[in-house]
Structure formats: structure tokens, C-alpha cells
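Single-letter residue listing:
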Amino acid sequence: MNIHDIVNRAPIPESWVEGEKIPWNDPDFSQRMLAEHLPQRHEAASRRVDLLDAQVAWIHETVLGGQPTQILDLGCGPGLYTSRLARLGHTCAGIDFSPASIAYATETAARERANSTYQLADIRQAEYGNGFGLVMLLFGEFNVFRREDARSILGKSHAALGADGHLLLEPHTLEAVRDIGSQPRHWSSQQNGLFCTEPHLVLEEAFWDARQRVATERYELI
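Residues numbered from 1 in each chain as written. Predicted model: local features only at pLDDT ≥ 70, side-chain atom pairs only at ≥ 80, totals over all residues. Heavy atoms only, no water.

Participant: Explanation requested: the sheet that holds strand β6 (residues 186-190) in the structure shown.
Facilitator: Hydrogen bonding along the main chain pairs the strands of a sheet, whether they run parallel or antiparallel. Taking strand neighbours across the sheet as the criterion, the three strands line up as β6-β7-β8 in an open arrangement whose pairing is antiparallel. Edge strands, defined here as strands with exactly one partner in the open sheet, are β6 and β8 (214-221). Averaged over neighbouring strand pairs, the angle between their axes works out to 25 degrees when direction is ignored. Inspection of the sheet shows strand β7 (residues 200-209) paired to β8 by eight bridges, in the antiparallel sense. Bridging across to β8, W208 finds its partner in A215. (Pairing = 2+ DSSP bridges. Helix = DSSP H or I, 4+ residues; strand = E, 2+ residues; numbered from the N terminus. Axes fitted to C-alpha atoms, helices over the stretch in contact; angles between N-to-C directions.)

Participant: Hey, could you run me through the packing of aromatic side chains in this one?
Facilitator: Each aromatic ring pair is specified by the distance between its two centres and by the angle formed by the two planes. The tally for this structure, following the rule as stated, stands at three aromatic pairs. Ring centres of F29 and F195 lie 5.6 Å apart, and the angle between their planes is 45 degrees; this geometry places the pair in the tilted category. Of this pair, F29 sits in helix α2 (residues 27-37) while F195 sits in the loop between β6 and β7, and the two are 166 residues apart along the sequence. The class of F29 is buried, set by a relative accessible area of 1%. An aromatic cluster of three or more residues is present, and its members are W24, F29, F195 and Y219. (Phe/Tyr/Trp six-rings, centres within 6.5 Å; stacked < 30°, edge-to-face > 60°. Buried < 20%, exposed > 50% of the residue type's maximum accessible area, 1.4 Å probe, protein only.)

Participant: Please clarify how the packing of α2 against helix α5 (residues 99-112) should be interpreted in this entry.
Facilitator: Any two packed helices are characterised by the angle at which their axes cross and by the distance between the axes. Contact geometry for α2 and α5: axes closest at 7 Å, N-to-C directions at 55 degrees. On the basis of the axis angle, α2 is oblique to α5. The segment α2 lies against α5, with P27, S30, Q31, L34 and H37 engaging P99, A100, S101 and Y104. Across the contact of α2 with α5, the residue classes tally to five nonpolar, four polar and no charged. (Parallel < 35°, antiparallel > 145°, perpendicular 65-115°, else oblique. Contact = heavy atoms within 4.5 Å. Nonpolar A, V, L, I, M, F, W, Y, C, P; charged D, E, K, R; others polar.)

This is the structure we're talking about:
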């Protein structure tokens, strides 16, 4: 982009009109995002190992009663949950549309000889299968979808469950979404980053639509 594009941008974007998600499925972007998933220096992309381990233990012991089952992880990323659950005896499947994350998860499963499979697909269009003891969608990812897509995901998740199966969702609260949309505008300069490997300026803006109860985050790069 250039300065003129930013000066002439829509002052308040309509929800989802300028784009629905950051480009997780772009190969280069997904490789840069994978580099953010794996380190322990922050929790912006994935949780730190100690919290991951605690949550997996809770899922295994409290949600599933310590009994091995088939698990479907929607938006599985690099398989940080499924790899741990597979070590506890579960059969896991993951769906994500980040090619670098799916490649990493698949390589991990092969190296550990885990009973895990991964599908590169958008969970809005993907076929889920059936007979799962647990279908889960974590880390607030449920919030990013349009309402009609969220309803479709819920319907497909329900259909994928076996008898007595569990659906585990971790959405943001309304207060958290409102807080995301109420952050102040700010500029920053970076030598490289998630959106670009070259030196750049980035303008980050957030908007809160009180009528629709939707937060929008917009990134403009030069």
C-alpha cells in the first residue's frame, strides 16, 4: 500500500466487507505464523506449554473421564493439542487451512507414530466425518466467523459427534470482543514481522459495531 491508499481508506469499515480473516492460508504467511505458534515468548498465537499441558489434562480427565476416544480439533493449528491428546491414547483428527501448520502437525504425528491425521481445509467447507467422542474449537476461533458460518459449524460439529459425544467450545466473552474493538489506533515500524519480511510501517485500527456486536481489526502496511 501507499500513503494515498491509507488516507483514502474507509474511515469505519463495514464488518467483514474488507476481509474475513488474516491470510492464514497464504503459504508464506502461514510459515511466518507457524514461527509465532511454537516459541514460548508470548501467547498471541498459541498458549505456553505449561498451560497447554494443564488444559489437555483437564480435557482428558474431566471432559473425557480418562477414556480414549476419537477427537476432532477444528482449527487445529500445528497440532499442539492433538499431539498431546494422542500421547494419552486418543485417536485425533485435525482440520486447519494453514498449510505450514498442517505440515508441521503431520510431520509431528509421523515422527511420534501417533494415531493422528490432518486435513488442509477451511472448516466452513470441510467434511468432518462422524463418530467422534469430542469435537473442539478452541482459543476464541469460534468468534471470527459470520453468524451464519458459526451456525453451520455448530450443525456440522453436532452431526460429527457419536452417542454421548462432547462439543467443547472456547469463545471469547462479549466483554473481550468489545475490548478488542475498542483499542486505540496506533502506528509502528518493524524490520520484519508477521505480515511482511521487509522493513515496513503498519497502522493497526480497531472498530466496535455496537448494533451488530462485532469487532473489526484492520492492518494497513507500507
